[in-house]
Structures are given as structure tokens and as C-alpha cells.
Amino acid sequence: MVPAAAFLILFLTYPLGLGIWLSFTDTKIGREGIFIGLENFQWLWDDSVFWLSVFNTFLYTIVASVFKFGFGLYLAILLNNSMPFKAFIRAIVLLPFIVPTVLSAIAFWWIYDSQFSIISWSLTRLGLIDQYINFLGEPNNARASLIAANIWRGIPFVAITLLAGLQTIPQSLYEAATIDGANRWQMFRFVTYPMLTPIIAVVMTFSVLFTFTDFQLIYAMTRGGPLNATHLMATLSFQRAILGGSLGEGAAISTAMIPFLLFAIMFS
């Protein structure tokens, strides 16, 4: 176990410990800091932008995770049925997940563009709207647009993982349920869902963690704007630590994420 332990200590434990230590200092880029205790956290407690990022992070995580689970489960059940070209369709379904995040973000950035949006253009041609929608320039629209992009990107991971779980359920259970007179809903409620619960716990744990700590999609599309409306804790931490030069403050924001992530893992 020594090689694996060394790898984890070097690339996971050490950076995590260093980040927690920096959160208790006033370190700046280019200048070593001194220990200041909880001052960074006390300052964040009164920071309205930080609390806005906390709200955005929870909204982003909860809404996106719920939709990813719902659509992912539906897609998994659909793909579990017999259909032509099943293997090809499964490969196509994985495309949104395997495409680099930044490439996906650029594609959605063009889709949401205030002047060239294909969505606004289509709705205008259909006569449903009179002017183009400002997807990324209005706070609520920006939040909804980013959540939609995250859902599109995350559904394949949930669907393929749940599909793997569905294929491990013995067909004899469905045959027994059919003999007992169970309908399709009862088969799902009393056979599929209970047998799939361990897989659901694992996949939703990873989904929540990936969504809660999302950075690339947000930063590539909005950089936290407009008016900090789409800043998540991860993007705000990067802005304060790297762009702003306050490593201690940025590390404090990152450290503040740890209790939420631990709670999500323990709940799952």
C-alpha cells in the first residue's frame, strides 16, 4: 500500500493540509504570512459576496443534482430496454460527459450569446418573443443558464452508472413480480428502486461533490458575473486567492466548503 499512500499524501493530503493552514494566515502572493487565527473566517462572516456565493452554490448543487438524477434514471431505464443500435446510442449518450468542460462551456456561451443565441433566434422566428433574451447578463437568467448547462453535462454520468446497476438486477425478481400481478410502477417501486439504492447512493455522492465544487464551467462562461450572481464558493476562492492575491482569504473560502462536503458524504 506504500505507493498508493505516497501518491495520496503527496497530491491530496499535503495540498489539503496546506490549504487549511493558509486559511489561518494572512498570506499574500509573493509574501509569506503570519498566523492570524480565525480572522479570515470572521471577515468572511460579514462578507455579503461570500454569503451570495454560498447561496449560489447550494442552489446550483441542489437543483442540478435533482434534475440530473431524475433525467439520468429515466434515461437509464430507457436504455435498459431492448432497442435497435443500443450500443451506439449508449456511446452517443456519453458524449456530453467526455467532451472537455471548457469546450462545452464555450459551446453554451455561444448558445446563450446576447446577439447570436440560437435559442433566442428560434423563439423570435416562432413569434414567441419580441427581443433576444439576455441569458448571461441578467442574474436569474445567468443562474438558470449555468444550471441547465451543468445538467446537460452531468446526465450521462448518472445515466450510464445507473444503467450498469440496472443490469445487475436478476430478471427472476421481475418474473416473480409479474407472476404476483405487479404492474410497471410496482415493479419499479418494490424491485428496481430497492435493488438500485446502493448504486444511487454512490452516484449521487459523486454527482453532488462534482457539482458543489464545479469551477471550469462557471469560470469559462461568466467568471462569476453578472454582479457576482453566479459566483460559487470555488470560483470566489480562485478570484480572491489568485486574481486578488489574498491566498489566506481564498484558502478560507475553500476550507469553508469542507464541512458542507463532509455532511453530503455522511448523509449519502
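Read on for a plain summary of the structure. Keep in mind that this is a model prediction, so the values were computed, not measured.

**Regarding the packing of helix H7 (residues 139-166) against helix H9 (residues 184-212)**
Here is step 1 of the chain: The N-to-C vectors of H7 and H9 enclose an angle of 150 degrees; their axes lie 9 Å apart at closest approach. On the basis of their axis angle, the class for H7 and H9 is roughly antiparallel. For the crossing formed where H7 meets H9, the hand is right-handed. Seen from H7, the contacting residues are Asn150, Phe157, Val158, Thr161, Leu162, Gly165 and Leu166; seen from H9, they are Thr192, Leu196, Ile199, Ile200, Val203, Phe206, Ser207, Phe210 and Thr211.

**Considering helix H5 (residues 101-111)**
Here is step 1 of the chain: When H5 is considered as a whole, its buried residues turn out to be Thr101, Ser104, Ala105 and Phe108. In a view along the axis of H5, the buried residues occupy a sector of 100 degrees, so they form one face of it.
Here is step 2 of the chain: Buried residues in H5 make contact with helix H4 (86-98), H7 and helix H10 (216-221).

**So, the environment of glutamine 186**
Here is step 1 of the chain: Inspection of the secondary structure assignment puts glutamine 186 in helix H9.
Here is step 2 of the chain: If sequence neighbours within four positions are ignored, glutamine 186 has contacts with Gly181 and Val191.

**Things to note about the pattern of salt bridges**
Here is step 1 of the chain: For the structure shown, the criterion picks out two salt bridges.
Here is step 2 of the chain: Between glutamate 249 and arginine 240 there is a salt bridge, and its shortest N-O distance comes to 2.5 Å. The exposure classification of glutamate 249 matches that of arginine 240, with both residues buried.
Here is step 3 of the chain: Ionic contacts of the salt-bridge type, sharing partners, join the residues Asp47, Arg240 and Glu249 into one network.

**Here's the deal with the packing of aromatic side chains**
Here is step 1 of the chain: The tally for this structure, following the rule as stated, stands at 24 aromatic pairs.
Here is step 2 of the chain: Consider the rings of tryptophan 21 and phenylalanine 35, whose centres lie 5.9 Å apart with planes at 20 degrees: the pair is stacked. Of this pair, tryptophan 21 sits in helix H1 (residues 2-22) while phenylalanine 35 sits in the loop between H1 and helix H2 (39-45); the two residues are 14 residues apart in sequence, bridging distant segments of the chain.
Here is step 3 of the chain: When the centroid spacing of 5.0 Å and the interplanar angle of 90 degrees are considered together, the rings of phenylalanine 58 and phenylalanine 260 count as edge-to-face. Here phenylalanine 260 lies in helix H12 (residues 247-267) and phenylalanine 58 lies in helix H3 (residues 48-79), a separation of 202 residues in the sequence.
Here is step 4 of the chain: Owing to a relative accessible area of 32%, phenylalanine 58 belongs among the partly exposed residues under this scheme.
Here is step 5 of the chain: Feature note: the residues Trp21, Phe24, Phe35 and Phe41 constitute an aromatic cluster, connected by ring pairs.
Here is step 6 of the chain: If you follow arginine 189 out to its NZ or CZ, it ends over the ring of phenylalanine 190, 5.1 Å from the centre.
Here is step 7 of the chain: The ring centre of tyrosine 219 lies 4.9 Å from the NZ or CZ of arginine 223, which sits over that ring.

**Things to note about the side chain of serine 65**
Here is step 1 of the chain: Relative to the helices and strands, serine 65 is located in helix H3.
Here is step 2 of the chain: Relative accessible area serves as the criterion here: at 6%, serine 65 is assigned to the buried category.
Here is step 3 of the chain: Looking at serine 65, its side chain comes within polar contact range of the main-chain oxygen of threonine 61, at 2.7 Å.
Here is step 4 of the chain: Once residues lying within four places of it in the same chain are set aside, the contact partners of serine 65 are Met204, Ser207, Val208 and Thr211.

**So, the nonpolar core**
Here is step 1 of the chain: In terms of nonpolar packing, the biggest core is built from 18 residues, with Leu162, Leu196 and Val203 touching the most fellow members.
Here is step 2 of the chain: Of all the secondary structure elements, the ones that give two or more residues to this core are H3, H7, helix H8 (171-179) and H9.
Here is step 3 of the chain: Excluding anything up to four places from it in sequence, leucine 196 contacts Leu73, Leu162, Gly165 and Leu166.

The rules we used
Residues numbered from 1 in each chain as written. Predicted model: local features only at pLDDT ≥ 70, side-chain atom pairs only at ≥ 80, totals over all residues. Heavy atoms only, no water. Axes fitted to C-alpha atoms, helices over the stretch in contact; angles between N-to-C directions. Helix = DSSP H or I, 4+ residues; strand = E, 2+ residues; numbered from the N terminus. Parallel < 35°, antiparallel > 145°, perpendicular 65-115°, else oblique. Left-handed = near helix turned anticlockwise from the far one by under 90°. Contact = heavy atoms within 4.5 Å. Buried < 20%, exposed > 50% of the residue type's maximum accessible area, 1.4 Å probe, protein only. Arc of directions from axis to C-beta. Salt bridge = Lys/Arg side-chain N within 4 Å of Asp/Glu carboxyl O. Phe/Tyr/Trp six-rings, centres within 6.5 Å; stacked < 30°, edge-to-face > 60°. Lys NZ or Arg CZ within 6 Å of the ring centre and 35° of its normal. Polar contact = N/O pair within 3.5 Å; in protein donor to acceptor, adjacent residues only side chain to side chain. Core = buried A, V, L, I, M, F, W, Y, C linked by side-chain atoms within 4.5 Å.

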